[in-house]
Amino acid sequence: MTASLLLILAYSISPYSLLLQRRSSSSSSINPTIQQPVAAGEEEEEEVLSSEQYSCVSRQQLQIIRSSYSSSKPSPFLLSRLKEYEQRHKRCDPFSASFNRSSRELKPEEDEAENYCRYIVWTPVNGLGNRMLSISSSFLYALLTNRVLLVDFGPDMVDLFCEPFHNSTWFLPRDFTFKGRANTQLLRREEEQKKEMPYVASLLQLFLSYDNDDYDKLFYKSETQPLLKKVPWLVLRSDQYFAPYLFLMPCFRAELDRMFPDDKETVFHHLGRYLFSPSNQVWGHIIGFYDAYLAKADRRIGLQIRVFSLDKTPASLILSQVINCIQEESRIIILPNATTTTTTTASSSGRNRTTTTTAILVASLLGQFYTELNRMYKEWNEKAGATVVGVYRTNHEEMQVLGSSSHNMKALVDIYLLSMCDVLVTSPRSTFGYVAHGLAGLTPWILQSQDIEDEEQRVKEPACRRGVSKEPCLQFHANYYDTSPDHREAGGPVPVIMDCEDFQYGLKLVNRRV
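Residues numbered from 1 in each chain as written. Predicted model: local features only at pLDDT ≥ 70, side-chain atom pairs only at ≥ 80, totals over all residues. Heavy atoms only, no water.

For the protein, an unreviewed UniProt entry supplies the name Fucosyltransferase and the organism Linum tenue. For the record of the protein, the UniProt heading Subcellular location (unreviewed entry) holds the text "Golgi apparatus, Golgi stack membrane". (UniProt positions renumbered as here; feature names shortened; annotations may be inferred.)

Rendered as structure tokens:
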């Protein structure tokens, strides 16, 4: 489907669009270049959308593209909680009187009624994949604790996404500062004194990153949550997808089971799609590339290749692993063998059928993977006399650049193009890959971790394995609850949690025990 046709048909009829597609009749006063979704609620009769309602183009067009392959539906309870959140966000957003009063005084309001505004402020750390995962986890925590999520985006992120909430903003005002005002010792003092502190901080800074200490991890204890509830402002620094651990906490488990009653592997899938819609600038690159190279293919294969250390894993070894995975180890023949020259195969009826066309998207900072795969299948196409397999790449970045707006835009283009593929092969431990397959709602094929085991630098067998879940992995976490396989098999309270297949000691959500 072409981009121009998508513009004409920018109207989704999927159930999920009931939440995302409603628009106000007037332009947003926050950012006139984008349009926010109004509150989710009861179904309304379809009506012709005005030109103002197309201002966040990706939100409309992604619904159309995804409707052909995405069947997962959010639960009615999740939809109702999102509707409640949108109303709360509007009431407490940075343009509200409640925000102005709370931010100026930085103390709890005397009125403890339901309209009391409490906030969680997300602050950035590490790369784009980590950031999107931690933002979605922060939003889930805001849903569970009736807080309002605000984001402290720097210049490298402000142009990446549309505003997610109707006629409002999630941006923390630039003149708001918590430096020198944040308490970082509250949890430590309470733990050391083993009693509830008489003084509750107005602004508490939380660290849920890979290098957090034991006192930071107190966040993950149910017993800590009543104390945190008293703090109006939580400032979070996190690079982790900590949503799985919330399912372990008794204080949140019942609510989460109602939000995600049947499919625990769709937490990031639904929240990520709800929160993140690429800005028009980013979406122009995405849909242009998709329309030119991917849309007409019968099958789209995404290869996300992340190399953490060339000293331990030479590119030649990883390339051999990728080829083995996509042609041999996947248990389904993802691609035709490049040494074969036949373009037709015999069907059960005895007639010949033409081989389906396949588009391979290579997302990697190292260009040699694209170069070699393109050369290999170009030769195969020449022998076959037809372009059966096309290999494509969007950019030529050679290294990750933190703090760069241009780099983040290119990364987001790759993430969304990968999420629009039919099959994904991802690298172990890569949050970039986690986001892509989570948005897609796909269980990926995960390349085996490749460390040099001998002088021959042999590829591990099998080269890749099918993942156990569509969900991202929580890599660094606390150990307050028993998540051992024995505990789960014995009928423990958290059968939806498993060890990550690609990260030792990591945890992820699953629908079944494996």
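J.: What is the right way to look at the overall build of the protein in this model?
T.: Within the protein one finds 17 helices and 14 strands. A total of 514 residues make up the protein; the buried ones form 56% of that total. In the protein, the proportion of contacts linking residues at least 24 apart, taken out of those at least 6 apart, comes to 73%. Accessible surface for the protein amounts to roughly 22,400 Å². Of this, 49% is attributable to carbon and sulfur atoms. (Helix = DSSP H or I, 4+ residues; strand = E, 2+ residues; numbered from the N terminus. Buried < 20%, exposed > 50% of the residue type's maximum accessible area, 1.4 Å probe, protein only. Contact = heavy atoms within 4.5 Å. Areas by Shrake-Rupley, 256 points an atom, 1.4 Å probe, with all protein chains shown as cover.)

J.: What is the right way to read the pairing of strand β8 (residues 358-364) from this model?
T.: The side chains of a regular strand alternate between the sheet's two faces. Burial of β8 is extensive: seven of the seven residues sit out of reach of the surface. By the alternation rule, side chains of β8 split into T358, I360, V362 and S364 and A359, L361 and A363, which are all buried. For strand β5 (residues 299-305) and β8, the ladder comprises seven bridges, and the chain directions are parallel. Along β8, the bridge assignment pairs R299 with T358. (Pairing = 2+ DSSP bridges.)

J.: Explain helix α15 (residues 405-419) here, please?
T.: Residue pairs spaced three or four apart in an α-helix point in one direction, given the helix's 3.6 residues per turn. Along its 15 residues, α15 runs 21 Å from first to last C-alpha, staying within 8% of the 21 Å computed at 1.5 Å per residue. The buried fraction of α15 amounts to twelve of the 15 residues, a majority that puts the element mostly inside the structure. For α15, the complete set of buried residues consists of H407, N408, M409, A411, L412, V413, D414, I415, Y416, L417, L418 and S419. (Expected span 1.5 Å × (residues − 1).)

J.: Quick question: what am I supposed to make of the sheet that holds strand β10 (residues 423-426) here?
T.: To summarise the sheet geometry, strands pair through backbone hydrogen bonds and adopt either a parallel or an antiparallel arrangement. Read across the sheet, six strands follow the order β9-β8-β5-β10-β11-β12 without closing on themselves; strand pairing throughout is mixed. The open sheet is flanked by β9 (389-392) and β12 (464-466), the only strands paired with a single partner. In this sheet, adjacent strand axes meet at a mean angle of 20° when their direction is disregarded. (Axes fitted to C-alpha atoms, helices over the stretch in contact; angles between N-to-C directions.)

J.: For this particular structure, what's the right way to read helix α10 (residues 250-259)?
T.: Taken residue by residue, α10 has F252, R253, L256 and M259 as its buried positions. Considered in projection along α10, the buried side chains sweep an arc of 125° and stay on one side of the axis. Seen from the open side of α10, the exposed residues pointing more than 90 degrees away from its buried face are A254 and R258. Here the buried face of α10 lies against α4 (76-92), α6 (128-145), α8 (225-229) and α9 (243-248). (Arc of directions from axis to C-beta.)

J.: Looking at this structure, I do not really get unusual backbone geometry. What am I missing?
T.: Where the residue is not glycine, phi is negative for most of them; where a peptide bond is considered, it is trans in most cases. Its identity is not glycine, yet R429 carries a phi of approximately 70°, on the positive side. Mapped onto the elements, R429 comes out in the loop between β10 and α16 (431-440). Here the phi dihedral of Y505 falls at roughly 75°; this positive angle occurs in a residue that is not glycine. Note that Y505 resides in the loop between β13 (497-499) and β14 (507-509).

J.: Explain the pairing of strand β1 (residues 119-123) to me, please; I cannot follow it from the model alone.
T.: Most of β1 is tucked away: five of the five residues are buried. Sheet analysis places β1 next to strand β2 (residues 148-151), joined by four bridges and oriented parallel. Bridge pairing in β2 places V121 opposite L150. With α6 bridging β1 and the parallel β2, this β-α-β connection has right-handed handedness. Pairing of β1 with strand β4 (residues 233-238) involves five bridges; the strand directions are parallel. Paired with W122 across the two strands is L236, which belongs to β4. (Right-handed = clockwise from strand over helix to strand, strands pointing away.)

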